[in-house]
Amino acid sequence: MAAYVGLNPKKDFTWVTDPKAAPLELFSQGKLDAYLALPPEPQELHARGVGHPIVRTATDRPGRNIFGCVLAGNRKYVARHPVATKDG
C-alpha cells in the first residue's frame, strides 16, 4: 500500500511488530502515526473515536475489485441444507 502512493516501506517507516509493545494502545495514545488494523480492531478504534481510515480495502482501489472471501457450495447440498449455508 505504501509503495502504491510513492513511499518506500523499508526506508520511510519504523515498523512496530511486537505484540508485547501493544501497538493498538500506542496508536490510541498518539505515540504511533498509523496502524494497520484487521477486524475487529478497526471497529474497536472507530468505537473509541480514535483515528480515521486511510485505506478501506473493501471500497478503495485496488482492493475493491478483489474478492477476499468466497464461499462455494455444491448445488444439491445447498438446496437440501439451506440453514447450514445461510449467510450471517
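What you are looking at is a predicted structure, and each value in this text was computed from that prediction instead of being measured.

Asker: Please explain the environment of Ala34 as it appears in this structure.
Answerer: Here Ala34 is to be found in the loop between helix H1 (23–28) and helix H2 (41–48). For the pair Ala34 and Pro23, spaced 11 residues apart in sequence, the C-alpha separation works out to 9.6 Å.

Asker: Sorry if this is basic, but what is going on with the pattern of salt bridges here?
Answerer: It is possible for side chains bearing opposite charge to pair when their charged atoms get close. For the coordinates displayed, the defined rule picks out two salt bridges. Taking the shortest distance from any N to any O, the salt bridge between Glu25 and Arg48 comes out at 3.4 Å. With Glu25 in helix H1 and Arg48 in helix H2, the pair connects residues that are 23 residues apart, well separated along the chain. Residue Glu25 is classed as partly exposed on the basis of its relative accessible area, which comes to 33%. We note a salt bridge from Glu44 to Arg48, for which the minimum N-O separation is 2.7 Å. Separated by four residues within a single helix, Glu44 and Arg48 lie in helix H2, roughly one turn from each other. When salt bridges with common partners are traced through the structure, they connect Glu25, Glu44 and Arg48 into a single cluster.

Asker: When you look at unusual backbone geometry in this model, what are you seeing that I'm missing?
Answerer: Working note: non-glycine residues mostly have negative phi, and peptide bonds are mostly trans. The linkage connecting Pro39 with the following residue, Pro40, adopts the cis geometry, with an omega of 10 degrees. Along the chain, the position of Pro40 falls in the loop between H1 and H2. If you check the backbone angles, Ala22 has positive phi at about 55 degrees while not being a glycine. Mapped onto the secondary structure, Ala22 falls in the segment before H1.

Asker: What should I look at first to understand the confidence of the model for the protein in this one?
Answerer: Low-pLDDT portions of the prediction should not be read for the details of their coordinates. On average, residues of the protein score 81 in pLDDT, and 81% of them reach the 70 mark or higher. Looking across the protein, the model is least confident in helix H3 (residues 75–80), with a mean pLDDT of 83, and most confident in H1, with 92.

Asker: Mind showing me how you'd approach the packing of aromatic side chains here?
Answerer: The geometry of an aromatic ring pair is captured by two quantities: the separation of the ring centres and the angle between the planes. Inspection of the entire model under this criterion finds two aromatic pairs. Each ring, one from Phe13 and one from Trp15, has its centre 5.3 Å from the other, and the planes form 40 degrees; the classification is tilted. Exposure remark for Phe13: the relative accessible area of 32% places this residue in the partly exposed category. Judged by relative accessible area, Trp15 falls into the exposed class, the value being 56%.

What counts, and where the lines are drawn
- Residues numbered from 1 in each chain as written.
- Predicted model: local features only at pLDDT ≥ 70, side-chain atom pairs only at ≥ 80, totals over all residues.
- Heavy atoms only, no water.
- Helix = DSSP H or I, 4+ residues; strand = E, 2+ residues; numbered from the N terminus.
- Salt bridge = Lys/Arg side-chain N within 4 Å of Asp/Glu carboxyl O.
- Buried < 20%, exposed > 50% of the residue type's maximum accessible area, 1.4 Å probe, protein only.
- pLDDT = per-residue confidence, 0-100.
- Phe/Tyr/Trp six-rings, centres within 6.5 Å; stacked < 30°, edge-to-face > 60°.

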